[in-house]
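# Structure assessment
Each chain is listed here by its residues.
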Amino acid sequence: MANYYHTVTQRVVGQASDRVRVRDFYAVSRPGGTVSAVQGQVLGDSMVLARRRLDEVLSLTRDSRRALRGGSDMDLSVDFLENLKSLFRVAGDASAATIRNTIETAYDSLSRVQHGLGTRDIQIVDSNPNRGGVASGYVRMAYREILRRRDAERQVSFGGRVHFRFALLRAGDESKVAHVIIHEAAHKFAGARDWCYLPSESGMVAMENDMRGIGVPSQGAWYDMTNIQALNNADSYAGFVMQMPARL
Ligand SMILES: [Zn+2]
């Protein structure tokens, strides 16, 4: 095991992490732990899937944005529009301006997520059981960010690394893992907050345990979320990318 210190505390205590090269990024274990071959494999495959879906959906979004900007009458794909409206809470009678703004904002945020996730040598770190609770993933946030997290206008990224509970890395779960990766990347690279979570079919919840008690809304509140809030909601981006039907 390499002498890799993930945090300052680790260096002081002298308890190194296992840092494993997975494709073009790193998987980092808890102090004294290891990253198994299966965990590395599943994390790598999930990252490939997350990036591929992101590329596809960003390209669809770019086409729609171009069409709208050009005032073209091009038909936006029904799947694209339905997915956009449902994930970003666009009302059925929304104006063309609202739809255009939703596409522009989603495009900006997804571009940042794509750029961030594409960063070479990015680290994905196993969750700290004392911090993550039952969550599948989280990005640590500064206290000042917690205090301001209700400000949907804010676009400041989190400084922490993306964390994922490595114990959940099982073959066959790649799309669920990819969902959590995009959710966390939306926090880290696009400054998104947790206004609301999509109902989880998987039991994997990208919920940040250390934020509970500070008003994390219940899942039932999805339909109460506004368009502006949804455009700053991490799970809206994860759902938008992972639920979009693949191009024919
Ligand atoms: Zn979150």
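Residues numbered from 1 in each chain as written. Predicted model: local features only at pLDDT ≥ 70, side-chain atom pairs only at ≥ 80, totals over all residues.

As a further point, take the overall build of the protein chain. Per the secondary structure count, the protein chain includes nine helices and five strands. Taken from the N to the C terminus, the helices and strands of the protein chain come in the order α-β-β-α-α-α-β-α-β-α-β-α-α-α. Long-range pairs, those at least 24 residues apart, make up 72% of the contacts in the protein chain between residues at least 6 apart in sequence. (Helix = DSSP H or I, 4+ residues; strand = E, 2+ residues; numbered from the N terminus. Contact = placed C-beta atoms within 7 Å.)

Grouped together as the largest cluster of nonpolar side chains are 55 residues, with contacts concentrated most on V113, I181, I182, A186, Y237 and V241. Considering every element that reaches this core, the biggest residue donor is helix α7 (residues 174–190), with nine residues. Not counting the four nearest positions on each side in its chain, Y237 is found in contact with S109, L110, V113, I182, A186 and A192. (Core = buried A, V, L, I, M, F, W, Y, C linked by C-beta atoms within 7 Å. Buried ≥ 20, exposed ≤ 12 C-beta atoms within 10 Å, placed from the backbone.)

We now examine the sheet that holds strand β1 (residues 19–22). Judged by pairing direction, the sheet is mixed, and its five strands sit side by side in the order β1-β2-β3-β5-β4 without closing on themselves. At either end of the open sheet lies a strand with only one pairing partner, and these are β1 and β4 (137–139). When strand polarity is set aside, the average angle formed by the axes of neighbouring strands in this sheet is 25°. Contacting β4 and β5 (162–164), α7 crosses the sheet at an angle of about 10° to β4. (Pairing = 2+ DSSP bridges. Axes fitted to C-alpha atoms, helices over the stretch in contact; angles between N-to-C directions.)

Summing up the model confidence of the protein chain, the mean pLDDT is 82 and the portion of residues at 70 or higher is 78%. This stretch, residues 149–157, has a pLDDT under 50; its non-local contacts, to residues over four places away or in other chains, come to eleven contacts. (pLDDT = per-residue confidence, 0-100.)

Here we come to unusual backbone geometry. The phi angle at R23 is positive, at roughly 50°, despite the residue not being glycine. Within the fold, R23 resides in the loop between β1 and β2 (25–28). Overall, R23 belongs to the partly exposed group, with 14 C-beta atoms counted inside 10 Å. Positive phi, normally seen in glycine, also occurs at R89, with a value near 55°. With respect to the helices and strands, R89 occurs in the loop between α3 (78–87) and α4 (96–117).

So, about the environment of R161. Inspection of the secondary structure assignment puts R161 in the loop between α6 (143–148) and β5. Judged by the 19 C-beta atoms lying within 10 Å of it, R161 is partly exposed.

One can describe the packing of helix α2 (residues 37–69) onto α7 by two numbers: an axis separation of 8 Å at closest approach and a directional angle of 65°. Taken together, the axis directions place α2 and α7 in an arrangement best described as roughly perpendicular. Considering only the axes of α2 and α7, their crossing is right-handed. Residues V42, D45, S46, M47, L49, A50, R53 and L54 of α2 lie in contact with α7, whose contacting residues are E174, S175, V177, A178, I181 and I182. (Parallel < 35°, antiparallel > 145°, perpendicular 65-115°, else oblique. Left-handed = near helix turned anticlockwise from the far one by under 90°.)

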